[in-house]
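Remarks on the overall topology
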Amino acid sequence: MTADTGQQTIVVTGGGSGIGNAIVRRAIAAGYAVSAWDVDEGALAGLNRPGLSFHRLDVRDKAAMEGAVAGTVESGGTIVGLAACAAVYKPVPFLELDDAAWDRHLDINLKGTLLASQAVLPGMRRRGNGAIVMFSSSIARNGAAGGAHYAATKGGVLGLARAMALETARDGIRVNVISPGITDTPQPRGHRSQADLDAAAAANPMGRIGAPEDMAEAALFLMEDDASFVTGQDIRINGGRLMI
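Note that residues are indexed from 1 along each chain, following the sequence as it is written. Totals for whole chains, interfaces and linings use every residue, but because this is a predicted model, local features are given only for residues with pLDDT of at least 70 and side-chain atom pairs only at 80 or more, for both listing and counting. Excluded from the side-chain calculations are hydrogens and water; all other atoms, namely the structure's heavy atoms, are used.

1. A short note on the overall build of the chain
- Secondary structure elements are taken from DSSP: a helix is a run of H or I of four residues or more, a strand is a run of E of two residues or more, and numbering for both begins at the N terminus. Tallying secondary structure elements over the chain gives eight helices and seven strands in all.
- The globule rule used here is 2.2 Å times the number of residues to the 0.38 power, and the radius of gyration it is set against is calculated over C-alpha atoms. For the chain, whose C-alpha radius of gyration is 17 Å, the value lies close to the compact-globule estimate of 18 Å for 244 residues.
- Along the longest, intermediate and shortest principal axes, the C-alpha atoms of the chain span 50 × 40 × 40 Å.
- With 244 residues in all, the chain has 48% of them scored as buried.
- In what follows, a contact means two residues having at least one pair of non-hydrogen atoms within 4.5 Å. Considering only residue pairs separated by 6 or more positions, the chain has 71% of its internal contacts joining residues 24 or more positions apart.
- None of His or the chain ends enter the tally, which takes Lys and Arg as positive and Asp and Glu as negative. Charged groups are reduced to one reference atom each: NZ for lysine, CZ for arginine, CG for aspartic acid, CD for glutamic acid. Between the averaged position of the 22 positive side-chain charges in the chain and that of its 25 negative side-chain charges there is a distance of 3 Å. For every residue, the accessible area obtained with a 1.4 Å probe (protein chains only) is divided by the maximum for its type, and the residue is called buried under 20%, exposed over 50%, and partly exposed between those limits.

Right, here's the structure in full:
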């Protein structure tokens, strides 16, 4: 990324587990300071690394995220990247979807991504550089039984990213999306059996499901200078399972 006077910092929402946690660790290894945001420390508990800060917050809370950004700047950090990973997925049959389930998924998965982006964008615009990586899903394209609400929010992320990429390109800001296939994180393990995961791995052309680290490597690439001419794109990381 373009050099700044402050300590280069990457914000990661959902940094306490899964893909978000893998991005936190990968960014630290690459020499970045990291501001991890989540409702719980999770796998970050006990991880004491220079430059790592944890903010216990909900991505539905815009004021809390703006406060976390202000704290990073006040402590000498410069936010150069955002990985918006925070999401929920609890399968519900279509006719059993109620307002509470719909609103929770929409507010966290889609609106939370918007609010996190709005929190970091003003500083990026002032400096004329920055990169945002949002997370969609293969389910946005091929659907999932019991996943209408999740598919709708992840499809919304694709539209949000493309619109934001167009609006911020002349500001030196890049906005891209990663769409993982099934990945070995607490989310699918919360509603799929080991036999189901094994079957998904066997059906994949590469013979396995994704690892959080697969997504973390792509996210770091999209936030660094090697991807300086990449914006508005959806990078599908699924081992060849979906090729459209």
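2. Re helix H7 (residues 194-203)
- Considered for burial, the residues of H7 that qualify are Leu 197, Ala 200 and Ala 201. The arc that holds every buried residue of H7, seen down its axis, measures 100°, which confines them to one face. In H7, the exposed residues that point more than 90 degrees away from the buried face are Ala 195 and Ala 202.
- Contact partners of the buried residues in H7: helix H6 (186-189). The arc refers to the directions leading from the helix axis to the C-beta atoms.

3. A look at the pairing of strand E1 (residues 7-13)
- Within E1, five of the seven residues are buried, which leaves it mostly tucked inside the rest of the structure.
- In this structure, E1 lies alongside strand E4 (residues 77-84), joined through seven bridges in parallel fashion. From the neighbouring strand, Thr 9 faces E4, where its bridge partner is Ile 79.
- Since E1 and strand E2 (residues 33-38) lie parallel, the crossover through helix H1 (residues 18-29) that links them has a hand, and here it is right-handed. Strands are labelled as partners when DSSP assigns at least two bridges between them. Handedness of a crossover is defined as follows: orient the strands so they point away from the viewer, and if the path from the first strand over the helix to the second runs clockwise, the crossover is right-handed.

4. What to know about the sheet that holds E4
- An order of E3-E2-E1-E4-E5-E6-E7 is seen for the seven strands of this open sheet, with the pairing classed as parallel. Of all the strands in the sheet, just strand E3 (52-56) and strand E7 (234-237) have a single pairing partner and so form its edges. For this sheet the average axis-to-axis angle between neighbouring strands, irrespective of direction, equals 25°.
- Each axis is a line fitted through C-alpha atoms, and for a helix only the stretch in contact is used; angles between axes span 0 to 180 degrees, taken between their N-to-C directions. Against the sheet, helix H5 (residues 148-168) contacts strand E5 (130-135), strand E6 (173-180) and E7, and its axis sits at roughly 160° relative to E6.

5. Thoughts on the packing of aromatic side chains
- Stacked, tilted and edge-to-face pairs are distinguished by plane angle, under 30 degrees for stacked and over 60 for edge-to-face with tilted covering the rest, among Phe, Tyr and Trp rings (Trp via its six-membered ring) whose centres lie within 6.5 Å. All told, the structure shown has one aromatic pair when counted by the stated rule.
- When the ring of Tyr 89 is compared with that of Tyr 150, the centres are 4.2 Å apart and the planes differ by 15°; the resulting orientation is stacked. Taken together, the positions of Tyr 89 in the loop between E4 and helix H3 (99-127) and Tyr 150 in helix H5 put the pair 61 residues apart, joining distant regions of the chain. Across the pair, Tyr 150 and Tyr 89 agree in class, each one buried.

6. Looking at the pattern of salt bridges
- Salt-bridge detection follows one rule: a side-chain nitrogen of Lys or Arg within 4 Å of a carboxyl oxygen of Asp or Glu. In this structure the tally under the stated criterion is nine salt bridges.
- In this structure, Arg 26 and Glu 217 form a salt bridge, with 2.8 Å as the shortest nitrogen-oxygen distance. Placement of Arg 26 in helix H1 and of Glu 217 in helix H8 (residues 212-223) is noted, with a sequence separation of 191 residues between them.
- For Arg 26, a relative accessible area of 28% puts it in the partly exposed group.
- Using a relative accessible area of 43% as the deciding quantity, one classes Glu 217 as partly exposed.
- Among the charged side chains, a network of salt bridges with common partners joins Arg 141, Asp 234 and Arg 236.

7. Overview of the pairing of E2
- Among the six residues in E2, six count as buried, and that is most of the element.
- The side-chain alternation of E2 yields two buried faces, one formed by Ala 33, Ser 35 and Trp 37 and the other by Val 34, Ala 36 and Asp 38.
- Across five bridges, E1 lies against E2 in parallel orientation. If you follow Val 12 over to E2, its bridge partner there is Ala 36.
- Across five bridges, E2 lies against E3 in parallel orientation. What sits directly across from Trp 37, in E3, is His 55.

8. Description of the nonpolar core
- Put simply, a nonpolar core is a bunch of buried Ala, Val, Leu, Ile, Met, Phe, Trp, Tyr and Cys residues held in one set by side-chain atoms that sit within 4.5 Å of each other. If you look at the biggest cluster of nonpolar residues, it comprises 31 residues, and the most contacted ones within it are Trp 37, Met 65, Val 120, Ile 132, Met 134 and Val 175.
- Here this core gets eight residues from one element, more than from any other, and that element is H3.
- Dropping the residues within four chain positions of it, Trp 37 is found in contact with Val 11, Val 12, Thr 13, Gly 14, Gly 15, His 55, Leu 57, Met 65, Ala 68, Val 69 and Ala 116.
- One finds Leu 44, Ala 83, Ala 218 and Leu 222 within the second-largest nonpolar core, a separate group that totals 28 residues.

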